[in-house]
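Now for the letters of each chain:
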Amino acid sequence: MNFNSFRKEIVSNNASVKELVNDIFAKIDHKDPEINSYICTTKDSAISQAEKIDKLIQNNEDLPPLAGIPIAVKDNICTKGVATTCASKMLKNFVAPYEATASSKLWSSGGICLGKTNLDEFAMGSSTETSLFGVTSNPWDINRVPGGSSGGSAASVAAGFCAAALGSDTGGSIRQPASFCGVVGLKPTYGRVSRWGLVAFASSLDQIGPITNNVSDAAEILYSISGKDPFDSTCLDKTVPNYLADLNKSIKGLKIGIIKECFEHPGLNSEVKESVLSGVDRFKTLGAEIIEVECPRFNDGIATYYVIAPSEASANLARYDGVKYGYRSNDGLNLIDMTSKSRAEGFGDEVQRRILIGTYALSAGYTDAYYKKAQKVRTLIRNDFDNAFKKVDLLLTPTCPTTAFLKGDFINDPLSMYLSDLLTVPVNLAGLPAISIPCGFDTKGLPVGMQLIGNVLEEDRILNAANIFEIDAQVIKNRPVF
Ligand code: GLN
């Protein structure tokens, strides 16, 4: 259910917003136990919001841009008065006392909050298997993972349990699950969207962004949530363009760079490669010029990311000490004992692994060898992109090396799990915007995602190319029915 079909129902008076929202909750009640995309729903407030929009419609008043659009929010984004758990025992009982800037912008644009979606604990993961609230299933095949960490958001959009969802992307957590679930996921330029109210994982990489059914819905959400925020000093003071304005512009002559290193990587599944390359052919027939480019450091992204992200995580997660908020162990003998027991009992294995790696990489004697080295490689990765953008307007890669894998495949093999982020992390390290859109299917019938990467603040260009592709290719004709 994309925004326009939702709006058609309302405008044609087929249904009130309240009826439509009620229908979605009925679907969630009936079918989400199978998918487990929501951690909690906020039905009462959603219905009263829907009634307010219905009143505006009845009185023929001006409607805000997202009037009545039912939206889900990843549960690491603070929602005032609603539990914000990060899918962790540590924050199981934490009720956010304030609203994140990105979500509050959606609500003031008329969007309706349906609830909070499942994720890997503290957004660390690629499969939504490390959640305190259980694994989320992929709507295309419930034996498979939806990707992660925004797996609940992507699965809920794919299953029709909301019209759009917010996710967060530190190393691929919007784009990878969007790719696995056959939906659209956009990671904005670092600083385009405020991080105020996003529970910090790795602050120099984290960004909030939309997961939607189609490209134009992603453009609408991005427009709504972008812009300067006095509460986040890393948020850019740059005008927000109307991302819908140029969506249908011709892409004749657009220069699209194919990153050589991605397509040559031995870990890239051959069916994914084939499907993405047929997408490249389609771009050619649409008038784009395809140019091969080199980004020699691209494949060093994973090693670099898995030093920098855990380092920042170890600093950010130091705040969970059992004193101020979050889980507190009952059997601590003294302050230090209580703090360490609270952390050992409150954080799951993967979160503890990241804290250990990060603390090690930042410790005296190792920081030069690991953290500072990684920061230097990060600069080289960014330089590669800068050089590529001297020759082309956009870059194109697969979003992930594979399609959705089976539950349990990698949960005990963290290094293989980390490789799922191979093609997405370099973008975060460089602070660039990128989208994942469906470009085909593998022989198992699972969706394949294609990634378009833009230069800093060139979301409009990405959205334009993605939209033209989406309309021409019509990849997703039928979604899984729930
Ligand atoms: N899968 C990556 C990780 O585990 C990315 C996570 C994210 O983007 N939040 O770190």
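Computed from a prediction, not measured in an experiment: that's the story for all the values here.

Engineer: Please explain the sheet that holds strand β1 (residues 38–41) as it appears in this structure.
Structural biologist: Backbone hydrogen bonds are what pair the strands of a sheet, in a parallel or an antiparallel way. With mixed pairing, the 11 strands of this open sheet are ordered in space as β1-β3-β2-β4-β6-β5-β10-β11-β9-β7-β8. Each edge of the open sheet carries a strand with a single partner, namely β1 and β8 (289–293). Shown here is a sheet whose adjacent strand axes are inclined to one another by a mean of 30°, direction ignored. With 5 bridges joining them, strand β9 (residues 394–398) and strand β11 (residues 447–454) adopt antiparallel strand pairing. Across the sheet, residue Thr 397 finds its bridge partner in β11, namely Gln 451. Docked against the sheet, helix α2 (residues 17–35) engages β1, β2 (70–74) and β3 (112–117), running at close to 15° with respect to β3. Packing against the sheet, helix α7 (residues 215–225) makes contact with β2, β4 (164–169), β5 (184–187), β6 (207–212) and β10 (434–441), and its axis sits at approximately 150° to β6.

Engineer: Looking at this structure, I do not really get the pattern of salt bridges. What am I missing?
Structural biologist: Two side chains that carry opposite charge are able to pair once their charged atoms sit near each other. All told, the structure shown has 19 salt bridges when counted by the stated rule. Arg 7 is the partner of Glu 220 in a salt bridge, and the nearest nitrogen-oxygen pair spans 2.8 Å. Note that Glu 220 is positioned in helix α7 and Arg 7 in helix α1 (residues 3–11), a separation of 213 residues in sequence. Take Glu 220: its relative accessible area is 12%, and that puts it in the buried class. Lys 31 is paired through a salt bridge with Glu 34; the nearest N and O atoms lie 3.8 Å apart. Pair noted here: Lys 31 and Glu 34 are both in helix α2, with a separation of 3 residues, about one helical turn. Each of Glu 350, Arg 353 and Arg 354 takes part in one network of salt bridges that share partners.

Engineer: What exactly am I supposed to notice about the side chain of Asp 321 here?
Structural biologist: Mapping Asp 321 onto the fold places it in the loop between α10 (301–316) and α11 (335–346). Residue Asp 321 is classed as buried on the basis of its relative accessible area of 16%. Every residue in contact with Asp 321, bar those within four places of it in the chain, is listed here: Met 338 and Thr 339.

Engineer: Can you walk me through the site of the ligand in this structure?
Structural biologist: Taken together, 15 residues lie near the ligand, and Thr 170, Gly 171, Ser 173, Tyr 305 and Arg 354 sit nearest. In this structure, Tyr 305 approaches the ligand through a side-chain N or O atom, which is 2.6 Å from an oxygen atom. By residue class, the composition of the shell around the ligand is 5 nonpolar, 7 polar and 3 charged.

Engineer: Help me understand the environment of Ser 204 in this model?
Structural biologist: Structurally, the position occupied by Ser 204 is in the loop between β5 and β6. Not counting chain neighbours up to four residues away, the residues in contact with Ser 204 comprise Tyr 190, Ile 308, Glu 312 and Arg 378.

Engineer: Got a minute to help me understand the nonpolar core in this structure?
Structural biologist: Soluble globular proteins tend to bury their nonpolar side chains together. Core analysis: the biggest nonpolar cluster contains 138 residues, and Phe 122, Phe 283, Phe 385 and Leu 396 have the highest contact counts within it. Of all hydrophobic cores here, the second largest spans 6 residues; its members include Val 145, Phe 180, Cys 400 and Phe 405.

The rules behind the values
- Residues numbered from 1 in each chain as written.
- Predicted model: local features only at pLDDT ≥ 70, side-chain atom pairs only at ≥ 80, totals over all residues.
- Heavy atoms only, no water.
- Pairing = 2+ DSSP bridges.
- Helix = DSSP H or I, 4+ residues; strand = E, 2+ residues; numbered from the N terminus.
- Axes fitted to C-alpha atoms, helices over the stretch in contact; angles between N-to-C directions.
- Contact = heavy atoms within 4.5 Å.
- Salt bridge = Lys/Arg side-chain N within 4 Å of Asp/Glu carboxyl O.
- Buried < 20%, exposed > 50% of the residue type's maximum accessible area, 1.4 Å probe, protein only.
- Near = heavy atom within 4 Å.
- Polar contact = N/O pair within 3.5 Å; in protein donor to acceptor, adjacent residues only side chain to side chain.
- Nonpolar A, V, L, I, M, F, W, Y, C, P; charged D, E, K, R; others polar.
- Core = buried A, V, L, I, M, F, W, Y, C linked by side-chain atoms within 4.5 Å.

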